[in-house]
Amino acid sequence: MIGRLNHVAIAVPDLEVARASYANTLGAKVSKPQDEPDHGVTVVFVELPNTKIELLHPLGENSPIAGFLEKNPAGGIHHVCYEVEDILAARDKLKAEGARVLGDGEPKIGAHGKPVLFLHPKDFFGTLVELEQV
Ligand code: CO
């Protein structure tokens, strides 16, 4: 059911330091920081030949990654995102298998303008999983 790895999201305490590290030390192609107020994050996109890395930093009050950074002050992998062809079919199969879909279970428009859902990390070995319809 899941397809390509769309991105790995890494929460970082200092976005400019992380951006410079990926650009200079790792030699990757990085975007300028982009504010995503609807998602409570500022994002730097790192373009790799086969996938993307998203460097996330909290934006505004009640950012969904603020608590994560409190528990992981040095930063850490926040979620992985897998592509699916039909997000509603994927959701229904996952629910039938007993997996927990976060929120109200309805897909939301994600940072790339496509429908996304998040799955409970306890159901997937401690990793928050995002599904994105492509
Ligand atoms: Co994501």
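Engineer: Any chance you could explain the nonpolar core here in plain terms?
Structural biologist: The nonpolar side chains of soluble globular proteins are, as a tendency, buried together. Ranked by size, the top nonpolar core spans 21 residues in total, and within it Ile10, Val12, Ile53, Leu55, Leu119 and Leu131 carry the most contacts. For this core, the secondary-structure elements that each account for two or more residues are strand 1 (5-11), helix 1 (15-25), strand 4 (41-47), strand 5 (52-58), strand 6 (76-84), helix 3 (87-96), strand 8 (115-119) and strand 9 (128-133). Setting aside its immediate chain neighbours within four residues, Val12 contacts Ala18, Leu55, Leu56, His57 and Leu69. Counting eight residues, the second-largest nonpolar core is a separate cluster that includes Val43, Phe45, Leu56 and Ile65.

Engineer: I'm lost on the pairing of strand 9 in this one. Help?
Structural biologist: Sheet faces and side chains relate simply in a regular strand, where the side chains alternate between the two faces. Buried residues dominate strand 9, accounting for five of its six residues. Note that strand 6 and strand 9 share six bridges and pair parallel. The partner of Cys81 across the bridge, within strand 9, is Glu130. Judged from the four bridges that link them, strand 8 and strand 9 form a sheet pairing that is antiparallel. The residue bridging Phe118 from the neighbouring strand is Glu130, located in strand 9.

Engineer: What's the story with helix 3 in this structure? I'm lost.
Structural biologist: Think of an α-helix as 3.6 residues a turn; residues three or four steps apart then line up on the same face. All of the buried residues along helix 3 are Ile87, Ala90, Arg91 and Leu94. Summarising the axial view, the buried residues of helix 3 lie within an arc of 100°, below the 170-degree limit, and thus occupy one face. At its buried positions, helix 3 is contacted by strand 6, strand 8 and strand 9. Capping of helix 3 at its N-terminal end is provided by Asp86; its side-chain oxygen lies 3.1 Å from the backbone amide nitrogen of Leu88. With its phi angle positive at about 95°, Gly98 sits one or two positions after the end of helix 3.

Engineer: Help me understand the side chain of Glu130 in this model?
Structural biologist: With respect to the helices and strands, the residue Glu130 is situated in strand 9. The buried charged residue Glu130 lacks any salt bridge, with Lys52 as its nearest oppositely charged partner at 9.8 Å. Within the local environment of Glu130, its side chain forms a polar contact with the side chain of His79, the two groups lying 3.0 Å apart. Apart from residues no more than four positions distant in its own chain, Glu130 is found in contact with His7, His79, Val80, Cys81, Tyr82, Val116, Leu117 and Phe118.

Engineer: Would you mind showing me how to read helix 1 here?
Structural biologist: The opening residue of helix 1 is Asp14, an N-cap whose side-chain oxygen sits 3.1 Å from the backbone nitrogen of Glu16. The first or second residue beyond helix 1 is Gly27, which carries a positive phi of 65°.

Parameters and conventions
Residues numbered from 1 in each chain as written. Predicted model: local features only at pLDDT ≥ 70, side-chain atom pairs only at ≥ 80, totals over all residues. Heavy atoms only, no water. Core = buried A, V, L, I, M, F, W, Y, C linked by side-chain atoms within 4.5 Å. Buried < 20%, exposed > 50% of the residue type's maximum accessible area, 1.4 Å probe, protein only. Helix = DSSP H or I, 4+ residues; strand = E, 2+ residues; numbered from the N terminus. Contact = heavy atoms within 4.5 Å. Pairing = 2+ DSSP bridges. Arc of directions from axis to C-beta. Polar contact = N/O pair within 3.5 Å; in protein donor to acceptor, adjacent residues only side chain to side chain. Lys, Arg positive; Asp, Glu negative; His and termini not counted. Salt bridge = Lys/Arg side-chain N within 4 Å of Asp/Glu carboxyl O.

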